[in-house]
Amino acid sequence: MPLAFEDAGSGTAVVLLHGFPLDRTLWDAQKQALSRRYHVITPDLPGHGQSPRLPDPPTIDGMADAVNDLLDTNGVTRPVVLGGLSMGGYVALSFASRHHERLRALMLFDTKSAADTPEAAAGRERSARAIDASGSIDNLIDAMVPKLFAESTRTARPALLSATERLMRSTDPASVSAALRAMAVRADRTAELTRITVPCLVCAGEQDAISPPEEMREIARRLPNGRFVSIPDAGHLTPIENPEAVTEAIEAFLAGLDD
Ligand code: MLT
């Protein structure tokens, strides 16, 4: 299942995975900056942006395998630096488990290693059914968008909120419900963190209400080679709320990798 993607630059491959229900443009600022020194690849995850949906049942592991196929079909043979935000982080952790030999380093942004609680999974199933029945993701957008951003972003940058809303609205509702179901059944990767020995960067928006920074700190603590960076003036969508700080954290991390 070929994924749509963009790439720029040359050198070590840095693959950046977006969150739900967004697309590769989440990483535009980082792609532009990092491609001066690296080969930056930004895929649209299955069912998002211009990528087709996975066959049923949709899974996070299936998304990780689709990223692996993308590397194969594009001749990326050397180990990559893989980063993912939120749902993209779930995919990155799955990739670290299923395709660890391809991983040079891992970057986790505003995500979780734990699986959904039964209550959270049931809530996702209810949303998925409502979306399937109505063919609309309006309710999901209304509930989700305010939680994605820091208070300062919400008040000072309404245009960023409306652009994010427009982007979400462009995602096919059937793909949104498929992704909800994939996230609901994802594996708990917490116990695997101690086995990820490659260098890891863990970044959290200071005001992330969805992936609490304390949980992200704990992920970094469990990773044998983890480094935690707090992103100021940002909630959940750090790459667009504070692009400079995210780029700076990535650049400092990549500079420390001996190639
Ligand atoms: C995301 O930003 O990808 C979502 O908040 C992830 C989730 O719903 O668990």
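Scroll up for the structure.
Owing to the predicted nature of the structure, the values given are computational and were not obtained by experimental measurement. Counting restarts for each chain: residues are numbered from 1 in the order of the written sequence. Given that the model is predicted, a residue must reach a pLDDT of at least 70 before its local features are reported, and side-chain atom pairs must reach 80 or more before they are shown or counted; all residues, however, enter totals for whole chains, interfaces and linings. Only hydrogens and water are set aside when side-chain values are computed; all heavy atoms of the structure are taken into account.

Trainee: Pulling in residues and values, what's your account of the packing of helix H5 (residues 138-148) against helix H7 (residues 158-169)?
Mentor: At a minimum axis distance of 11 Å, the contact between H5 and H7 shows a crossing angle of 145 degrees. In this structure, H5 crosses over H7, and the sense of that crossing is right-handed. Contacts between H5 and H7 involve Asp 138, Ile 141, Met 144, Val 145 and Leu 148 on the former and, on the latter, Leu 161, Thr 164, Glu 165, Met 168 and Arg 169. All amino acids are sorted into three groups, where Ala, Val, Leu, Ile, Met, Phe, Trp, Tyr, Cys and Pro are nonpolar, Asp, Glu, Lys and Arg are charged, and the leftover types, Gly among them, are polar. Residue composition of the contact of H5 with H7, by class: six nonpolar, one polar and three charged. Where helices are involved, their axes are fitted lines through C-alpha atoms of the stretch in contact, as for all axes, and angles between N-to-C directions lie from 0 to 180°. Only DSSP runs of H or I covering at least 4 residues are called helices, and only runs of E covering at least 2 are called strands; the numbering of each starts at the N terminus. Left-handed describes a crossing in which the near helix is turned anticlockwise from the far one by less than a right angle; the clockwise case is right-handed. Any pair of residues with heavy atoms lying within 4.5 Å of one another is described as a contacting pair.

Trainee: Can you tell me about the sheet that holds strand E3 (residues 39-43), naming the residues and giving the values?
Mentor: What the seven strands build is an open sheet, ordered E1-E3-E2-E4-E5-E6-E7; its pairing is mixed. One side of each edge strand has no neighbouring strand; the edge strands of this open sheet are strand E1 (5-8) and strand E7 (226-231). Ignoring which end each strand starts from, the neighbouring axes of this sheet average 15 degrees apart. In terms of strand pairing, strand E5 (residues 103-109) meets strand E6 (residues 200-205) through four bridges, oriented parallel. Its bridge partner lying in E6, Leu 108 is registered against Val 202. Relative to E5, helix H11 (residues 243-255) is tilted by about 155 degrees, and along the sheet it contacts strand E2 (13-17), strand E4 (80-85), E5, E6 and E7. Strand pairing is assigned whenever DSSP detects at least two bridges linking the two strands.

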